[in-house]
Amino acid sequence: MKNILIILSLIFFCLFNAQHLEKTARKINEEGIELYRSEMASWYGTDVFIANYKARENIGGYFSYIDNKVPKCILFSKENKVLATIAFPANYNPKDAKLDITERDFTPVEKDYFTIRQKALERTKTDTIFKHYQNTSLNIVPIIRNNVKKVYVLTGPSISNVVVFGNDYLLTFTNKNEIKTVEKLHNSMIVQNINDEKTGKTVSGVHSHVIENWQAITPTDICTLMLYQKFTGWEGYTTVSKKLVSIWNPNNNLVIMKIGRF
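These numbers were taken from a predicted model, which means no experiment stands behind them. (Residues numbered from 1 in each chain as written. Predicted model: local features only at pLDDT ≥ 70, side-chain atom pairs only at ≥ 80, totals over all residues. Heavy atoms only, no water.)

**A word on the nonpolar core**
In this structure, I86, W248, L254 and I256 are the most contacted members of the largest nonpolar core, which totals 44 residues. A total of ten residues in this core trace back to one element, the largest contributor, which is helix α1 (residues 2–52). Judged by nonpolar contacts, the second largest core, of nine residues, contains I116, I140, V153 and Y169. (Core = buried A, V, L, I, M, F, W, Y, C linked by side-chain atoms within 4.5 Å. Buried < 20%, exposed > 50% of the residue type's maximum accessible area, 1.4 Å probe, protein only. Helix = DSSP H or I, 4+ residues; strand = E, 2+ residues; numbered from the N terminus.)

Next up, the structure:
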């Protein structure tokens, strides 16, 4: 009887851990997709806007968000007025984008996005936790989901044939749009070539996670993989830490597995 109880306990423990890891993977994937959709709207939205707006000296910045399932890029002036709204269909084809160049005030939701975006931007300029590297820029991505306000800061390359992971950060905010926490998601910046001079085109990649609170693949990793998939054609990607292995494939399936006991 005692042995049966031990076996049942082990089975329950394994099932509990599997369900926990599955839930974690789903949450990370959803957040990564949200980041991806925002970044895609920003990538193409700024291009559409610049092609149709000549007074570029008026531009103060931009941000993107999902408005009732529709990705929108907002361009604002130095006087903090909306200069343009670019709405995208699911395919993000710039030819199908709806451009509205009507100067207006922010909506209440947009005001929140703008405020946390600006506060994060200022923090990147003053807080030494943020590192700045040659041939890269820090991309600020505000996310508001389920009334939780966050800003992710990703590092984007300004040169071709590379994908950059790491040198990314997460800022969390109060309901009053004040910064609560600032943390690094990776310990360093990882640069991977898309085409290698010696071996040719790369087919996958791997990097390690050492920060205790970020043992699994991060939403920023997911976002980066999705953004660059059309350039890399990678068949999969893996992150490894002392506790977890995370495996992502281009169908956007994510599996997180435990290493050893913890």
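**Comments concerning the environment of T102**
Relative to the helices and strands, T102 resides in the loop between β4 (98–100) and α2 (108–126). Placed 17 residues apart in sequence, T102 and T85 show a C-alpha to C-alpha distance of 7.9 Å. Those residues in contact with T102 that sit more than four places away from it in its chain are V82 and L83. Within the structure, the side chain of T102 is placed 2.5 Å from the side chain of D100, a separation counted as a polar contact. (Contact = heavy atoms within 4.5 Å. Polar contact = N/O pair within 3.5 Å; in protein donor to acceptor, adjacent residues only side chain to side chain.)

**Digging into the pairing of strand β3 (residues 82–87)**
By the criterion of burial, β3 is predominantly enclosed, with six of the six residues buried. Relative to β3, strand β2 (residues 70–77) is paired through five bridges, and the arrangement is antiparallel. Residue L75 lies in a different strand from β3, and its bridge partner there is A84. The antiparallel hairpin formed by β2 and β3 contains four residues in its connecting segment, where N80 sits at a positive phi of about 65°. Where β3 and β4 come together, three bridges link them in antiparallel fashion. Residue pairing across strands places I86 opposite L99, the latter belonging to β4. (Pairing = 2+ DSSP bridges.)

**A short note on the side chain of N167**
Secondary-structure assignment places N167 in the loop between β7 (162–166) and β8 (169–173). On the accessibility criterion, N167 (4% relative accessible area) is buried. Leave out the neighbours within four places in its chain, and N167 touches K131, Y133, L138, V153, L154, T155, H186, S188 and M189.

**A word on the sheet that holds strand β1 (residues 59–67)**
An order of β1-β2-β3-β4 is seen for the four strands of this open sheet, with the pairing classed as antiparallel. Among the strands making up the open sheet, the edge pair consists of β1 and β4. Going from strand to strand, the sheet's axes swing by 15° on average, the running direction of each strand aside. Across the sheet, α2 touches β1, β2 and β3, and the angle it forms with β1 is around 125°. (Axes fitted to C-alpha atoms, helices over the stretch in contact; angles between N-to-C directions.)

**Regarding helix α3 (residues 219–232)**
Here α3 spans 19 Å end to end across 14 residues, near enough to the 20 Å set by a 1.5 Å rise per residue. At M226, α3 is bent by approximately 35°, the largest bend along its length. Counting buried positions over the 14 residues of α3 gives twelve, a clear majority of the element. Those residues of α3 that fall on the buried side of the exposure criterion are P219, T220, D221, I222, C223, T224, L225, M226, L227, Y228, Q229 and T232. (Expected span 1.5 Å × (residues − 1). Bend = angle between axes of the 7 residues up to and from the residue.)

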